[in-house]
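This is what each chain is made of:
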Amino acid sequence: MTIADGRDTRWEQHRQDRRRELVSHALRAIRVHGARVGMDEIAARAGTSKTVIYRHFGDRAGLYDAVVESVHAYIHAGLTRTLQDSADGDLGHLIHDLADAYLALVERDPQIYRFVLERPVATADHPGDPAGSLPSLIGDHVGQAIAAHLTATGRDASCAGTWGHGIVGFVRASADRWMAGDPRAPRAQVVAEIDALLAGALADARPPAPLGA
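Residues numbered from 1 in each chain as written. Predicted model: local features only at pLDDT ≥ 70, side-chain atom pairs only at ≥ 80, totals over all residues. Heavy atoms only, no water.

Participant: Before we move on, can you summarise the overall build of the protein chain with the specific residues and values?
Facilitator: Helix and strand counts for the protein chain come out as 9 helices and 0 strands. Going residue by residue from the N terminus, the α and β elements of the protein chain occur as α-α-α-α-α-α-α-α-α. Looking at the protein chain residue by residue over its 213 residues, the buried ones come to 40%. Taking as baseline every contact in the protein chain between residues at least 6 positions apart, the subset at least 24 positions apart corresponds to 71%. Per element, the accessible surface of the protein chain, about 11,900 Å² overall, is 54% carbon and sulfur. (Helix = DSSP H or I, 4+ residues; strand = E, 2+ residues; numbered from the N terminus. Buried < 20%, exposed > 50% of the residue type's maximum accessible area, 1.4 Å probe, protein only. Contact = heavy atoms within 4.5 Å. Areas by Shrake-Rupley, 256 points an atom, 1.4 Å probe, with all protein chains shown as cover.)

Written as C-alpha cells, this is what we have:
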C-alpha cells in the first residue's frame, strides 16, 4: 500500500485553496470590468501576475472553465432549493418557480452570466461546453418532480425525463436571450411569457400512447 507523503497532501490542499482564491478574484474582476475582462485586469485584482494564473489554470480557457464550474455550482444549489420548496405536485407552480429562480439567479450577476456565455474557442484541452452538465443535472431533478406528479394523478410517467430536460433547455435558452437583450425586459414579464407557454400546457398534459399501441 502506498502512503501519501504529508508534504504532497499539504501542497495539493494549498494548490486547491489557491485556485479557489484566484477564481474568487476573477469573479470580482468580472463584476467590475465586465464580461470582456482581460487577464491583466484579473491578475491586478488578485494582486499577482498572469504567469501565476497560467501556472494554476494553464490558459484563459482553463480559468474560464474554473469560473464556470463555480457559477454552475451556485446556480445548481439555488435551483435545487427551489425545486425542493416547490414540491407540492402542481406542475404549473413548478415551471413558474423554476423559471423565476433561474432568471433571478442570473440577474443578480449579469456580467458573470455574460462571461459564462462567451465561451473561448474549443481546444484539445478544453473541447466541450462546460455548461453542458448543469442543464442535465437540473433536467433530472425536474424530470423526477414531473414523474412524481404524473404518478400521483394516475398518468404514465415514462415521458417525464423528456419533459423535464426539455423544460430546462427552454428556460435556459430564454434566459440566455433575455440576458443578451439591451434594454432587458423586466424579469416578471419573461417569467409570465414562459408561464403562458409551458405552465398551462403542462397542467393537463397527457403523455402520448406508446408507439404501436
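Participant: Please set out the UniProt feature "DNA-binding region" (unreviewed entry) in the protein chain residue by residue, giving values where relevant.
Facilitator: When the UniProt feature table is mapped to this numbering, "DNA-binding region" (unreviewed entry) covers residues 38–57. As annotated, residues 38–57 has a helix share of 80% and a strand share of 0%, and its two end C-alpha atoms lie 15 Å apart. (UniProt positions renumbered as here; feature names shortened; annotations may be inferred.)

Participant: So, helix α1 (residues 6–33): which residues are in play, and what are the values?
Facilitator: Since the α-helix turns once every 3.6 residues, residues separated by three or four places project in the same direction. For α1, spanning 28 residues, the distance from its first C-alpha to its last is 40 Å, which sits close to the expected 40 Å at 1.5 Å a residue. Along its buried surface, α1 packs onto α2 (39–46), α3 (50–57), α4 (60–85) and α6 (110–117). Once α1 ends, the next one or two residues include G34, with phi positive near 95°. (Expected span 1.5 Å × (residues − 1).)

Participant: Go over unusual backbone geometry, please, and point to the residues and values.
Facilitator: P183 follows D182 through a cis peptide bond whose omega is 5°. Within the element layout of this structure, P183 appears in the loop between α8 (160–180) and α9 (187–203).

Participant: Just give me the short version of the packing of aromatic side chains, but keep the residues and values in it.
Facilitator: Applying the stated rule across the entire model yields 2 aromatic pairs. An angle of 45° between the planes, with centres 5.5 Å apart, marks the rings of Y64 and F115 as tilted. Here the residue Y64 occupies a position in helix α4, and F115 occupies one in helix α6, the gap between them amounting to 51 residues. Of the two residues examined, Y64 and F115, each falls in the buried class. Over the ring of W178 we find R184, and its NZ or CZ is 5.3 Å from the ring centre. (Phe/Tyr/Trp six-rings, centres within 6.5 Å; stacked < 30°, edge-to-face > 60°. Lys NZ or Arg CZ within 6 Å of the ring centre and 35° of its normal.)

Participant: Explain the nonpolar core to me, using residue names and the numbers behind them.
Facilitator: Core analysis: the largest hydrophobic core is formed by 56 residues, its most contacted members being V67, Y102 and I146. Of all the elements, helix α5 (residues 91–108) adds the most residues to this core, at 10 residues. Residues contacting I146, with those up to four places away along its chain left out, are L91, L94, A160, W163, G164 and I167. (Core = buried A, V, L, I, M, F, W, Y, C linked by side-chain atoms within 4.5 Å.)

Participant: Break down the environment of V71 for me, with residues and values.
Facilitator: Position of V71 relative to the elements: it lies in helix α4. Given the relative accessible area of 11%, V71 is considered buried. In this structure, the C-alpha to C-alpha distance between V71 and L27, residues 44 residues apart in sequence, is 9.2 Å.

Participant: Please give an account of the packing of α1 against α3 that cites residues and values.
Facilitator: The N-to-C vectors of α1 and α3 enclose an angle of 120°; their axes lie 10 Å apart at closest approach. Between α1 and α3, the angle falls in the class oblique. Like other packed secondary-structure pairs, α1 and α3 cross with a definite hand, here left-handed. Mapping the contact onto sequence places R15, R18, R19, L22 and V23 in α1 and V52, I53, H56 and F57 in α3. For the contact of α1 with α3, the residue count by class is 5 nonpolar, 1 polar and 3 charged. (Axes fitted to C-alpha atoms, helices over the stretch in contact; angles between N-to-C directions. Parallel < 35°, antiparallel > 145°, perpendicular 65-115°, else oblique. Left-handed = near helix turned anticlockwise from the far one by under 90°. Nonpolar A, V, L, I, M, F, W, Y, C, P; charged D, E, K, R; others polar.)

Participant: So what's going on with the pattern of salt bridges? Which residues, and what values?
Facilitator: In the structure shown here, the tally under the stated rule is 8 salt bridges. Between D40 and K50 there is a salt bridge; the shortest N-O distance is 3.4 Å. With D40 in helix α2 and K50 in helix α3, the pair connects residues that are 10 residues apart, well separated along the chain. On the basis of relative accessibility, which here comes to 33%, the residue K50 falls in the partly exposed class. A salt bridge links D100 to R187, with the shortest nitrogen-to-oxygen separation between them at 3.0 Å. Of this pair, D100 sits in helix α5 while R187 sits in helix α9, placing them 87 residues apart in sequence. What makes D100 partly exposed here is its relative accessible area of 25%. Residue R187 is classed as partly exposed on the basis of its relative accessible area, which comes to 27%. One continuous salt-bridge network, built from bridges that share partners, spans D100, E107 and R187. (Salt bridge = Lys/Arg side-chain N within 4 Å of Asp/Glu carboxyl O.)

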